[in-house]
Amino acid sequence: PIMTYSNIGWRCLNNSTQVFCGPVIVGNKECKSQYNGSYDILPSKPCNKWKELKQDFNKVILPHTPALFGFVAGLSASVVGYISCAKNYPMTLVVNIVGVTSSGKSTIGNLAVSTGCNPFPTICGEPKESLSRTMNSTKNAMYAVLNSNTGYPVLFDELGCKDSELDLVNLI
C-alpha cells in the first residue's frame, strides 16, 4: 500500500523512526508514499539540471550576502524541525528582516521559502498554495499555514499590514 499524506516536514513514525515528509517520505525505505497536500513542494527542475542550478547559485546567491543569508535561513527550517521532532519539543526559528522599502526583504524571504516550496502559486495546472504569505492574512489562515509543518520555511511578509488585534507572540 501507498501511504498518502498532507502534513509536511519531520514526523516520528511509531515513536522512534524520524522521517521527512516532502514530495516523498525520506528516512524509511520501506514506506511507499505520495504527497497529496495543498502546497507546491514538488521540485521545479528535474535532477539532471542540478549542474545548471549550482552554476546559478554560485553566480547569483553565493556572492550576495543577504541572499546567502536567506538561503541558509530557509534550509535551517529543516534542521530546527528535525531537532523539534527528535526532542519531542516544539521549536521555531523566527527571523525578522528589517530594512527600507525596496531593499529586497521580500525577495530574501521568498528565497528562503523556495528552499522547500514554490513561493509563488502554480500558474498552470492544479492550483497549489505557497508558504509565502502576507501579514494581511487572517489569524486562522496564519495558524493553518503553521499547523502540521515541522521543517519547511514560512514567510509572513509586510508586518505593516498586520491586524492590530493579532498577538505575534501567541502566533509564534
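Scroll up to find the structure this text is about.
Residues numbered from 1 in each chain as written. Predicted model: local features only at pLDDT ≥ 70, side-chain atom pairs only at ≥ 80, totals over all residues. Heavy atoms only, no water.

A.B. asks: What exactly am I supposed to notice about the pattern of salt bridges here?
C.D. replies: Pairing between side chains of opposite charge can happen when their charged atoms approach one another. This model, assessed by the stated rule, comprises 1 salt bridge. As a salt-bridge pair, Glu129 and Arg133 come within 2.6 Å of each other at their nearest N and O atoms. For Glu129, a relative accessible area of 34% corresponds to the partly exposed category. Look at Arg133 and you get buried, because its relative accessible area is 19%. (Salt bridge = Lys/Arg side-chain N within 4 Å of Asp/Glu carboxyl O. Buried < 20%, exposed > 50% of the residue type's maximum accessible area, 1.4 Å probe, protein only.)

A.B. asks: So what exactly am I meant to see when it comes to the side chain of Ser33 here?
C.D. replies: With respect to the helices and strands, the residue Ser33 is situated in strand 5 (residues 33–35). Overall, Ser33 belongs to the buried group, its relative accessible area being 18%. Separated by 2.9 Å, the side chain of Ser33 and the backbone nitrogen of Ile25 make a polar contact. Apart from residues lying up to four places away in sequence, Ser33 is in contact with Ile2, Met3, Tyr5, Val24 and Ile25. (Helix = DSSP H or I, 4+ residues; strand = E, 2+ residues; numbered from the N terminus. Polar contact = N/O pair within 3.5 Å; in protein donor to acceptor, adjacent residues only side chain to side chain. Contact = heavy atoms within 4.5 Å.)

A.B. asks: Which parts of the structure should I look at to understand the nonpolar core?
C.D. replies: It is characteristic of soluble globular proteins that their nonpolar side chains tend to be buried jointly. The biggest cluster of nonpolar side chains holds 18 residues, and the ones touching the most others in it are Ile8, Tyr39, Ile41 and Leu131. Sorting the residues of this core by element identifies strand 2 (8–13) and strand 3 (17–21) as the ones contributing at least two each. With 3 residues, the top contributor of residues to this core is strand 3. When near neighbours in sequence (up to four residues on either side) are disregarded, Tyr39 contacts Ile8, Cys117, Lys128, Glu129, Ser130, Leu131, Arg133, Ala144 and Val145. (Core = buried A, V, L, I, M, F, W, Y, C linked by side-chain atoms within 4.5 Å.)

A.B. asks: What should I look at first to understand the environment of Val26 in this one?
C.D. replies: Inspection of the secondary structure puts Val26 in strand 4 (residues 25–26). Through-space distance from the C-alpha of Val26 to that of Trp10 is 9.4 Å; in sequence the pair is 16 residues apart. For Val26, the residues in contact, after removing those within four places along its chain, are Gln18, Val19 and Phe20.

A.B. asks: Can you walk me through the sheet that holds strand 7 (residues 149–150) in this structure?
C.D. replies: Spatial strand order, 4-3-2-7: 4 strands in an open sheet with mixed pairing. Pairing within the sheet leaves two strands with one partner each, and these edge strands are strand 4 and strand 7. Here strand 2 runs beside strand 7; their pairing, made up of 2 bridges, is parallel. Bridge assignment links Ile8 to a residue of strand 7, and that residue is Asn149. On top of the sheet, helix 2 (residues 65–87) reaches strand 2, strand 3 and strand 7; it is set at about 20° to strand 2, its chief contact. (Pairing = 2+ DSSP bridges. Axes fitted to C-alpha atoms, helices over the stretch in contact; angles between N-to-C directions.)

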